[in-house]
Amino acid sequence: MARFAAQEPTGLAVQELEKLVRVAIFKSANQVVEMLLQGAADRIDAVYQPKAGQQRKGREPVTINGIFGSFKLERDYYYHEGKKEGHYPADAALGLEGGHTPALARLACLEGADETSYQKAEEHLRETGGIAMSSRQIQRLVQTVGTAAQSWQEREALQPEPGSKTVPIMYLSGDASGVPMRKAELEGRTGKQPDGSAKTRMAYLGCVFTQHRRDEQGHPVRDYQSTTYVSTFGPIEEFGPLLRQEAIRRGLALAVQVVLLIDGAAGLANMGRLCFPGVLQIVDFFHALEHASKVSAALLGGKEHPDFKRRLGRWARQLLKDQVQQLIVQTRKECAGTSRAEAVEKELAYFVHNVERMQYGTFRRQGLFIGSGVVEAGCKTIIGARCKQSGMFWGKPGAENILALRCIHSSRRLDQFWKERLNAHAARNDCLALPA
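Not measured: the values here are computed from a predicted model.

A few points about the overall build of the protein chain
Here's step 1: Along the protein chain, the regular secondary structure elements total 17 helices and nine strands.
Here's step 2: Over its C-alpha atoms the protein chain spans a radius of gyration of 28 Å, topping by over 25% the 22 Å that the globule rule assigns to 436 residues.
Here's step 3: Within the protein chain, the fraction of its 436 residues that count as buried is 48%.
Here's step 4: Carbon and sulfur atoms form 54% of the exposed surface of the protein chain, whose accessible area is close to 23,100 Å².
Here's step 5: The centroid of the 58 positive side-chain charges in the protein chain is displaced by 4 Å from the centroid of its 48 negative side-chain charges.

Focus on the pattern of salt bridges
Here's step 1: Evaluation of the coordinates by the stated rule reveals 19 salt bridges.
Here's step 2: Measuring nitrogen to oxygen at the nearest pair gives 2.7 Å for the salt bridge that ties Arg59 to Asp42. One end of the pair, Arg59, is in strand E1 (residues 54-66); the other, Asp42, is in helix H2 (residues 11-47), and 17 residues separate them in sequence.
Here's step 3: Residue classification places Arg59 among the partly exposed residues on the basis of a relative accessible area of 35%.
Here's step 4: Overall, the relative accessible area of 34% leaves Asp42 in the partly exposed class.

Quick word on the sheet that holds strand E2 (residues 69-80)
Here's step 1: Read from one edge to the other, the open sheet built from three strands follows the order E1-E2-E3, with strand pairing classed as antiparallel. Of all strands in the sheet, those bounded by a partner on one side alone are E1 and strand E3 (85-87). Neighbour-to-neighbour, the strand axes of this sheet turn through a mean angle of 35°, independent of strand direction.

Details of the side chain of Asp263
Here's step 1: Topologically, Asp263 is positioned in the loop between strand E8 (255-262) and helix H9 (266-275).
Here's step 2: Despite its burial, Asp263 pairs with no opposite charge, the nearest such side chain being Arg357 at 7.4 Å.
Here's step 3: Polar contacts involving the side chain of Asp263 include one to the main-chain amide nitrogen of Ala265, which spans 2.9 Å.
Here's step 4: Those residues in contact with Asp263 that lie beyond four places of it in its chain are Asp175, Leu268, Val283, Asp284, His287 and Tyr350.

As for the environment of Ala90
Here's step 1: With respect to the element layout, Ala90 can be found in helix H3 (residues 89-94).
Here's step 2: In this structure Ala90 comes out as buried when scored by relative accessible area, which is 0%.
Here's step 3: Spatially, the C-alpha atom of Ala90 lies 9.2 Å from that of Ala426, the residues being 336 residues apart in sequence.
Here's step 4: The residues touching Ala90, leaving out its near neighbours within four places in the chain, are Ala41, Ile44, Asp45 and Arg75.

A closer look at the packing of aromatic side chains
Here's step 1: Enumeration according to the criterion identifies 14 aromatic pairs in this entry.
Here's step 2: Note on Phe285 and Phe286: the rings are 5.8 Å apart at their centroids and 75° apart in plane angle, and the pair reads as edge-to-face.
Here's step 3: A relative accessible area of 55% means that Phe286 is categorised as exposed.
Here's step 4: Ring geometry for Tyr350 and Phe351: centres 5.6 Å apart, planes at 85°, overall edge-to-face. Here the two residues Tyr350 and Phe351 agree in accessibility, since each one is buried.
Here's step 5: Directly above the aromatic system of Tyr88 lies the positively charged group of Arg75, at a separation of 3.8 Å from the ring centroid.
Here's step 6: Against the face of Phe209 rests Arg222, its NZ or CZ located 5.8 Å from the ring centre.

Here we look at helix H5 (residues 118-129)
The periodicity of an α-helix, 3.6 residues per turn, causes residues three or four positions apart to be oriented the same way.
Here's step 1: Taking 1.5 Å of rise per residue, the twelve residues of H5 would be expected to cover 16 Å, and the 16 Å separating its terminal C-alpha atoms lies within 8% of that figure.
Here's step 2: Turning to H5, its buried residues are Tyr118, Ala121, Glu122, Leu125 and Gly129. Seen along its axis, H5 keeps its buried residues to an arc of 105°; they face one direction. Set apart from the buried face of H5 by more than 90 degrees, the exposed residues are Glu127 and Thr128.
Here's step 3: Buried residues along H5 sit in contact with H2, helix H4 (102-114), helix H6 (135-153), helix H15 (373-387) and helix H16 (396-410).
Here's step 4: Gly130 lies just past H5 and shows a positive phi near 65°.

Let's talk about the confidence of the model for the protein chain
Here's step 1: On average, residues of the protein chain score 94 in pLDDT, and 99% of them are at 70 or above.
Here's step 2: Long-range and interchain partners of residues 431-436, a stretch whose pLDDT sits below 50, account for five contacts in this model, where long-range means more than four residues apart.

A closer look at H2
Here's step 1: Here H2 contains 37 residues, and its C-alpha end-to-end distance of 54 Å stays within 8% of the 54 Å for a straight helix at 1.5 Å per residue.
Here's step 2: Those residues of H2 that are buried are in contact with helix H1 (2-6), E1, E2, H3 and H5.

Structural notes on the packing of helix H11 (residues 308-319) against helix H12 (residues 324-335)
Here's step 1: Put simply, H11 and H12 touch, their axes get as near as 8 Å, and they point 145° apart. Both H11 and H12 take part in a crossing whose hand is right-handed. Taking contact as the criterion, the partners of Arg311, Arg314, Trp315, Gln318 and Leu319 in H11 are, on H12, Val324, Leu327, Gln330, Thr331 and Glu334.

What to know about the pairing of E2
Here's step 1: Relative to E2, E1 runs antiparallel, the two being bridged by twelve bridges. Each residue of the ladder has a partner; that of Gly66, found in E2, is Gly69.
Here's step 2: Taking the residues that link successive antiparallel strands as the turn, the E1-E2 hairpin has two residues.
Here's step 3: In terms of strand pairing, E2 meets E3 through three bridges, oriented antiparallel. By the bridge assignment for E3, Tyr79 is matched with Gly86.
Here's step 4: Linking two consecutive strands that pair antiparallel, namely E2 and E3, is a turn of four residues; a positive phi of about 55° is found at Lys84 within it.

Conventions used here
Position labels on residues start from 1 in each chain and follow its written sequence. Totals for whole chains, interfaces and linings use every residue, but because this is a predicted model, local features are given only for residues with pLDDT of at least 70 and side-chain atom pairs only at 80 or more, for both listing and counting. In computing side-chain properties, one takes all heavy atoms of the structure into account and sets aside hydrogens as well as water. Helix numbering and strand numbering both begin at the N terminus, where a helix is a DSSP run of H or I of at least 4 residues and a strand a DSSP run of E of at least 2. As defined in this context, the radius of gyration uses C-alpha atoms, and a globule is described by 2.2 Å times the residue total to the power 0.38. The cut-offs for exposure are 20% and 50% of the maximum accessible area for each residue type, with area from a 1.4 Å probe on protein chains only; residues under the lower value are buried, those over the upper are exposed, and the others partly exposed. In these tables, accessible area is a Shrake-Rupley quantity obtained with a 1.4 Å probe, and a residue counts as shielded only by the protein chains included in the view. Charged residues are defined here as Lys and Arg on the positive side and Asp and Glu on the negative side; His and the ends of the chain fall outside this count. For charged residues, the charge sits on one atom: NZ in Lys, CZ in Arg, CG in Asp, CD in Glu. We define a salt bridge as a side-chain nitrogen of Lys or Arg found within 4 Å of a carboxyl oxygen belonging to Asp or Glu. Two strands form a pair only when DSSP identifies at least two bridges running between them. The axes used here are C-alpha line fits, helices contributing only the stretch in contact, and every angle between their N-to-C directions lies in the interval 0 to 180 degrees. Polar contacts here mean pairs of N or O atoms no more than 3.5 Å apart (in protein, one a potential hydrogen donor and the other a potential acceptor; neighbouring residues in sequence count only if both atoms are side-chain atoms). Whether two residues touch is decided by their heavy atoms; if any such pair falls within 4.5 Å, the residues are in contact. Centres within 6.5 Å are what make two rings of Phe, Tyr or Trp a pair, Trp counting through its six-membered ring; a difference in plane orientation under 30 degrees is then read as stacked, over 60 as edge-to-face, and the rest as tilted. When the NZ atom of lysine or the CZ atom of arginine is within 6 Å of a ring's centre and also within 35 degrees of its normal, the charge is said to sit over that ring. A helix's residues, less one, multiplied by 1.5 Å, set its expected span. By definition, the arc is the one covered by directions from the helix axis to the C-beta atoms. For every residue, the predictor reports its confidence as pLDDT, a number between 0 and 100. What makes a crossing left-handed is the near helix being turned counterclockwise from the far one by less than a right angle; a clockwise turn instead makes it right-handed.

See below:
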């Protein structure tokens, strides 16, 4: 304070002043936290009842990292000879994560999952909070907590979450995005490379959102903050039940109408029939246009044909009038007997298999979404923005865990996840769980 008052007041001086004041305040706050946690650990150890087979081995010190700094904590250690495992009752009760306080663990996991790299997470923690934590420390913590986050995503759902209400329309959507992987993760996997090998591994992303109203023009409006996400690197046979569990949590049984928005791939369509029988399926309109482009190119000999854009526009207009079947008949008639008939028929198969799910005129009159833009955007923001940065190559556990944390964050469920995780830690002492 004296040094600042004695020097010329400048922006640089103010910047340095605030940092120094933060250090001073953090030092005192750190001492308070140390005192309170040591007292809490002493009380926990005093009343702890060892489980069968556990033997007390004495007190052991550990360095605890918190938001305000580091300090030493003394607590009891128990060892189970039969199971060859140790246990610290105070660590479990206080929710410590590998020597980190719950608040720091949550903040570090949020930064590690939210920033584009662990290095940037390290810089962000240092700049915004004065927290010294290396990128490697953040990564280890994210992987430890991320494993639990993935399991939490996959937890069984038997009924809607408390507070769920009846909704007019619930939408379910799913898509996949390739994540660049290390060579060891891709051995034996086929891909789109010239030699048939793969450079990426598909991560499935599912989302659930609701709709209550339309705008003045009659267009559907997605309910504000109604979208929740789930992710997995498992096969589609695992993705379908995962998305169903999320739908059950969101109130699948309470929805008046349920719509499955997908891209028309056979795997996703079959997943819909198995996991959501009787649900209205809609093929994303923009994927339909992409395939209409392929049909027109096959018919005309290429996209450079002067009639290509006009034909594509006609496809779009007729698709919006429920005329997909007429388009199929017209196209087949036009190419009959020509050398391009086989190529055209191959591209038409997409429409032949999806006629009922492409009645876009009817769907629009019902006020329904016909585009899967929500999950497409999710693939870019949740998967792409973190896992597809330049030079990144992932291991499956690393990518899966970080995507689980990003889904929980984007679903606004951080509080729920961390409360249940702290409950799980506390349950290791056989104490009463915290209120849900």
